[in-house]
Amino acid sequence: MPDYLARLFYLGDHYHGSQHQPGLRTVQGELIRAISKWSGESHSPQTVHLSGRTDRGVHSLGQLALITTDRKISIEGINKHLPEDIVLWAKIIAPEDFKPRSSVLMRHYRYFLDDSWKTIDLKNIRKAIHLLLGSNDFQFLSKPDERRNTVTTVLNMAIAEFSGVFFLDVFGTSFLWKFVRKVVTLLTEIGQGKKKPDVVLEVLKGSRRTFRGGIEPAPPENLVLVETIVPLRLISSKYALRRIHKYLSTRQDFLRRSSLTLSGITDYFASSMMFSQHSTNLRSP
């Protein structure tokens, strides 16, 4: 059976995270159900993999799915069986022996920050960010998971601002459970002057002296998995991209609750549609 890679958009507020969980509504579960209906085959987490998991309420622009099927994959065919807030929008035949987790170059998350960041101490935050870069044991900045090594690598992290909106970009080889959201809480405390930048060193050493009750993760609704990065160019579907835009235009309640996130998502797919249209024009006789 051939393997396909596909990019996946979803809004996570109606799901118990991305990873399949029996008896709960999840993104992977919905994808398995849709592919089974489209193909007439029996699918499971062994034939429909995600390249990583996101928590309940977290969104995705460019999550990767690895799909094993005897049929030639049809983005539009599968999307007909998916709920409106989950859309496959690009595809390619997967390289031989591609592993959905270990073959990924890096992952890019973006957290949209609230209005309090307009008056925050960015100088101290950037000092703290510098201490977080590289390979470290991030046990105190993640939810405990006995099956996972807590030593991982943050390749880059930066605070940026566009049109008065601040956001935190994080690039890493892999991400621990709730890591980005706990980092946002830590940086907010530092930026508000409640903690010094060198508290990061205590956290990395596993000291609970400053945060005796642990570090609470920031809310999930402003966190977006922007892209799971691989050295491949997936072929996007203009119909799927239009479906995403059409759906977002109907989510006025989501717009009111999380306008910063929605703005970022809309801009991302506007760029993708422009690229798709340009590619179509280049291929036209």
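Computed from a prediction, not measured in an experiment: that's the story for all the values here.

### Overview of the packing of aromatic side chains
One pair of aromatic rings is described through two measures. These are the centre distance and the angle between the planes.
Stage number 1. Counted according to the given criterion, the structure contains four aromatic pairs.
Stage number 2. Seen from their ring centres, F138 and F179 are 4.9 Å apart, and the 65° between their planes marks the pair as edge-to-face. Pair noted here: F138 is in the loop between β6 (134-137) and β7 (151-162) and F179 is in helix α4 (residues 179-191), with a separation of 41 residues, a long-range link. Per residue, the accessibility class of F138 equals that of F179, and both read buried.

### Focus: the pattern of salt bridges
Side-chain pairing between opposite charges can occur once the charged atoms of the two side chains come close.
Stage number 1. Applying the stated rule across the entire model yields eight salt bridges.
Stage number 2. Among the ionic pairs, E30 bridges to R25, the shortest N-O distance being 3.4 Å.
Stage number 3. Across the pair R33 and E30 runs a salt bridge, and its minimum N-O distance is 3.1 Å. Note that R33 and E30 are positioned in helix α1 (residues 27-39) at a spacing of three residues, about one turn of the helix.
Stage number 4. Residues joined by salt bridges that share partners form a network here, namely R25, E30 and R33.

### Looking at the nonpolar core
For soluble globular proteins, nonpolar side chains are generally found buried alongside one another.
Stage number 1. Among the nonpolar cores identified, the biggest contains 45 residues, and L8, F9, L31, I78 and L88 are the most heavily contacted of them.
Stage number 2. Setting aside residues no more than four positions away along its own chain, L88 makes contact with A6, R7, L8, L31, I67, I75, I78, N79, L82 and A240.
Stage number 3. F140, F166, L168 and V170 belong to the second-largest nonpolar core, a separate cluster that totals 38 residues.

### Topic: the environment of L82
Stage number 1. Relative to the helices and strands, L82 resides in the loop between α2 (75-79) and β4 (86-93).
Stage number 2. Along the sequence, L82 and R33 sit 49 residues apart, while their C-alpha atoms lie 8.2 Å from each other.
Stage number 3. With residues near it in sequence (within four places) discarded, L82 still touches E30, L31, R33, A34, L88 and R243.

### Side note on the pairing of strand β8 (residues 165-172)
Stage number 1. Along β8, seven of the eight residues are buried, which leaves the element largely enclosed by surrounding structure.
Stage number 2. As paired elements, β7 and β8 share eight bridges and run antiparallel to each other. Bridge pairing in β8 links I159 to L168.
Stage number 3. Connecting β7 to the antiparallel partner β8 that follows it, the hairpin turn spans two residues, and S163 within it adopts a positive phi of roughly 55°.

### Remarks on the side chain of N124
Stage number 1. Topologically, N124 is positioned in helix α3 (residues 122-132).
Stage number 2. With residues up to four places along the chain from it excluded, the contact list for N124 reads I190 and P197.

### Details of unusual backbone geometry
Stage number 1. With a phi close to 65°, D97 is a non-glycine residue in the positive phi region.
Stage number 2. Tracing the sequence through the fold places D97 in the loop between β4 and β5 (106-112).
Stage number 3. The backbone of K178 shows a phi angle near 70°, a positive value even though the residue is not glycine.
Stage number 4. Within the secondary structure, K178 is located in the loop between β8 and α4.

Analysis parameters
Residues numbered from 1 in each chain as written. Predicted model: local features only at pLDDT ≥ 70, side-chain atom pairs only at ≥ 80, totals over all residues. Heavy atoms only, no water. Phe/Tyr/Trp six-rings, centres within 6.5 Å; stacked < 30°, edge-to-face > 60°. Helix = DSSP H or I, 4+ residues; strand = E, 2+ residues; numbered from the N terminus. Buried < 20%, exposed > 50% of the residue type's maximum accessible area, 1.4 Å probe, protein only. Salt bridge = Lys/Arg side-chain N within 4 Å of Asp/Glu carboxyl O. Core = buried A, V, L, I, M, F, W, Y, C linked by side-chain atoms within 4.5 Å. Contact = heavy atoms within 4.5 Å. Pairing = 2+ DSSP bridges.

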